Amino acid sequence: MHTLGVPFLLFWLIWGHSCALGGKVNKHKPWIEASYHGVITENMDTVLLDPPLVALDKDAPVPYAGEICAFKINGDDAPFEAVVLNRTSGEGVLRASSPVDCESQKEYTFIIQAYDCGAGPSGANWKKSHKAVVHIQVDDVNEFSPIFRESLYKASITEGKIYDSILQVEAWDQDCSPQYSQICNYEIVTAGTPFAIDRNGNIRNTERLSYDKQQSYKIMVTAFDCGQKRAKEDVVVHIEVKPVCKPGWQGWNKRVDYEPGTGSKQLFPKMHLETCGGPLSGVKAMVELQTNHIGKGCDRETYSEKSLQKLCGAASGSTDLLPAPSPSTNWTAALLMDSGRDSDLIYRFDGRQAANVPDHVVPQNLTDQFTIATWMKHGPSPGLRAEKETLLCSSDKTEMNRHHYSLYVHNCRLVFLLRRDFTQLDTFRPAEFHWKLEQICDKEWHYYVINVEFPAVTLFVDGVTYEPYLVTDDWPIHASKIDTQLTVGACWQGGEVATPRFTQYFRGSLSGLTIRPGRIETQKVISCLQACKEGLDINSLESLAKDIKFHFNPAQSVLVVEGEDVDSINTAMTKVSYINSRQFPTPGLRRLHITTTVQCFGEDTCLSIPDIKAVVMVLPPSEPRITIAGSNRLVRPASDLRGPLGVAPFKELHITSTVMKGDGFGGPRRPGVMEVMHNLDYCDVLVIGEELNPDRESLEIQHSALLGKHLDATNSTSGISIYGVDSMAHYEQALRQVRYRNWRPANLSERRFRLTCSELNGRYTSNEFNLEVSVLHHSAPVEHANHMAVQPQYMRPVHHPLMMHSLNSHMSGSAPPAATVVIVVCIAALVVIVVIGVYRIHATHQEGSREDEDEVKDAEEEWDNSALTITVNPMENIGGPQALGDEVRQEEHEEEEEEEEEELVGGVTSVESENSDEEEDDDEGREAAKERKQKGKLGWDSSSITY
């Protein structure tokens, strides 16, 4: 209290003194600083000034005049106000009159003045200070998150390079201050990516990228401002990896599937050549189809050699020296066979095997013209000095060691030796013909044909002609009585050694070795025999550009395409196709190899185009199921077997083939059975049981049945073989003409046969169709037996002969009178009918003779015995002596009928007899014969009479 009282007293003393001195009040104006600097945080109202807001007045301590009543701000847009806190001390405060936003305005400048309280309480005569400048800075608050300027960033890079900066991402912040508006850091959110980002947003790769490994990357990036506030939304960055521009073919598949039966299929429908923008003057592409591992060098027909020769129109008379082993061709049984070649008959010789061809197979006289043909695969011989390797050799069987003719390989040279006899020539003549070719030792299949027109000898290899580079002469061989031995795979040395043996063994593979005397093969036939059934092709030739040039090799396994324009080459290559014309091709891989040469202006080559290696996968074909159907049992009387034509066992034969097929390849398959038509190459009819005895039976086919067909037939005691590439319908017709005869069938009860057919040399075989021919003999006479039960040759067998005999024996005793009368009447009626029949037969025979002179072709129509049926009353033999007399008369009638029938059959040609015998077992033929009989050829139609 004492401390406050002294200043107050001083103030009033001073004030009173001032009044007393002059009585004048408020002489001075207030004083403030010349300038102020303030800071305000946005969204706050307090301003921190430096220096503080204080006004002084020299009139103090005079009341009112020495006090500060107000601070005024000059500037209507300044959102601030100044408030006096203490009038006496002059302290004041500056504050915001409305919210301050840094993002709207970062600083303010305005004028402030201080006002005193005037001369009295009324405020009159107030004074104001000078103008002071106030600078206010608005402090920022981190209220906004960073935002990326783009919603998506994209970039592309080339594989194999390290980039300092692939692209730059950029974010911004709405805050006003550098602290909060600047982006201080970027970060890749996606883990495990080969990329990094710096604080400026530059993205780079941390390792070399590969287009083959990954073609594109998607990463997420975020940003932070300097206040460490994270971006509200991350941004997506797409980085595409581009391959290094490598000149080469693009847009092709490494594997192309080929379904059998679809014709020509494009191999590279979307392929194009990338040249990296370089100007080109020409492009040359070579497409090679590699099929060396398929069959004998490519997909060929795998029929037997004889069937192929028949199919290609080769001259007949060739001898197959390497046939499939069988009972009749057993000399190849001991040779090694390569069975993994899709039914191709291939023999492999390893230097230890050979085969002697039987004498009855060897052509005895080759003449001055003959042909030797074979498929051969051969490689270089081991050792520094190779020995002769003999394919075919005809040498002395005993005593001497002369080679009459041979075909051998020596040091990758093919040599043909031909020594003529003195009986043919007696001068120094050509004897050895030498060819030196790469094909002989390239370990690939080739087709060799040697045409001999002595003294000229020509070699064909895969259809191309080669003349010998060396021909040596020699003297002919002296005539002798020594037999010769033909050997395959070596040469037989039968003389001049202690023990006869093989020598000069062959090492390699052979197939289809044939020799044909008297004829040479034509170029057309040779090309057909070695032709491939698969190859390259070009679709839509008319759509190719005019500057495109192309050509194939003869086998169509190599295609060369040339052009000046890349677009034209691309179009041409998209039309390159694969085709396989076989109905049942060999499945498996075929390799494709494409080599390309590019020329630039003024340069030979300017770009290196990598080779292409692809494969064609030939899918397995639907395997056919060949079915032989028909009657399995044929019952014929012995008289039919004794006839000039015998019987036709396979008259009702039918051959069909079916495959399991789906609706479409590659999609869902609903299996179903579909009948297909294709060729066959042989059908064999084998005798089951004892072989045929040529003295009393035969199984044969007339040559006329094979006319107009690509078929031949051979028969033996084991059966008959029909061979040749022809349709199933032609085979069916031929087999129906096969005849079995037995001119002494007394002891024969049955003969059984087995029929099988094949397609593609056994690749697909039919079921085994077994047929039994049963022989019906005449019943032996017994006591009181009626000889009417013994049937003539033209009658069909009685179906119940045993039942007849048992009933006759049972009723051999006395019969009641009524039964006797019935029997007598029946016998009398039968006798009348027989007499009439004999008369009609005689009349028919005379009419048939007249028609034979008019060249009527169907003798079977003169007498149709197929429909005659006689049922005998078992009580008819009770007639005693009368029955015996009837029996004698019936035997006489039968003998007369047999003689007339023999005349009837003997009076027609073999063709007529064959036709009539066909109609005997044909329903339609029987109907036609019945109609002609009704018109008057035969007065008695036995089919309508029954007893």
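Owing to the predicted nature of the structure, the values given are computational and were not obtained by experimental measurement. (Residues numbered from 1 in each chain as written. Predicted model: local features only at pLDDT ≥ 70, side-chain atom pairs only at ≥ 80, totals over all residues. Heavy atoms only, no water.)

Enquirer: What is the right way to read helix H7 (residues 728-736) from this model?
Expert: Residues separated by three or four positions in an α-helix point in the same direction, a consequence of the helix having 3.6 residues per turn. Along H7, the residues that are buried comprise Met 728, Tyr 731, Glu 732, Ala 734 and Leu 735. Taken around the axis of H7, the buried residues stretch over an arc of 165°, which confines them to a single face. Those residues of H7 that are buried are in contact with strand S47 (654-661), strand S49 (679-688), strand S52 (719-727) and strand S54 (750-759). (Buried < 20%, exposed > 50% of the residue type's maximum accessible area, 1.4 Å probe, protein only. Helix = DSSP H or I, 4+ residues; strand = E, 2+ residues; numbered from the N terminus. Arc of directions from axis to C-beta. Contact = heavy atoms within 4.5 Å.)

Enquirer: Explain the state of the cysteines to me, please; I cannot follow it from the model alone.
Expert: Where two cysteines share a covalent bond between their sulfur atoms, that bond is called a disulfide. In total, this model carries 9 disulfides according to the counting rule given. Through a disulfide, Cys 184 is tied to Cys 226; the S-S separation comes to 1.7 Å. Here the S-S torsion is close to 75°, and the disulfide linking Cys 184 with Cys 226 is therefore right-handed. Placement of Cys 184 in strand S12 (residues 183-188) and of Cys 226 in the loop between strand S15 (216-225) and strand S16 (235-242) is noted, with a sequence separation of 42 residues between them. On the accessibility criterion, Cys 226 (24% relative accessible area) is partly exposed. (Disulfide = S-S within 2.5 Å.)

Enquirer: Please clarify how the sheet that holds S47 should be interpreted in this entry.
Expert: To summarise the sheet geometry, strands pair through backbone hydrogen bonds and adopt either a parallel or an antiparallel arrangement. Taken in spatial order, the 3 strands line up as S45-S47-S48 in an open sheet, and their pairing is antiparallel. The open sheet has two free edges, formed respectively by strand S45 (625-629) and strand S48 (672-675), since each of these has just one partner strand. The mean inter-strand angle of the sheet, taken between neighbouring strand axes irrespective of direction, is 35°. Here 4 bridges tie S47 to S48, and the two strands are oriented antiparallel to one another. Bridge assignment links Lys 661 to a residue of S48, and that residue is Gly 672. (Pairing = 2+ DSSP bridges. Axes fitted to C-alpha atoms, helices over the stretch in contact; angles between N-to-C directions.)

Enquirer: Sorry if this is basic, but what is going on with the packing of aromatic side chains here?
Expert: Remark: the centre distance and the inter-plane angle together describe each pair of aromatic rings, the angle taken between the planes. Tallied over the entire structure, the rule returns 16 aromatic pairs. Ring geometry for Trp 492 and Phe 502: centres 5.2 Å apart, planes at 75°, overall edge-to-face. Taken together, the residues Trp 492 in strand S36 (residues 491-493) and Phe 502 in strand S37 (residues 501-503) connect sequence positions 10 residues apart. Here the aromatic residues Phe 80, Tyr 108 and Phe 110 are joined through ring pairs into a cluster of three or more. Geometry around Tyr 115 places Lys 72 over its ring, the cationic atom sitting 4.7 Å from the centre. (Phe/Tyr/Trp six-rings, centres within 6.5 Å; stacked < 30°, edge-to-face > 60°. Lys NZ or Arg CZ within 6 Å of the ring centre and 35° of its normal.)

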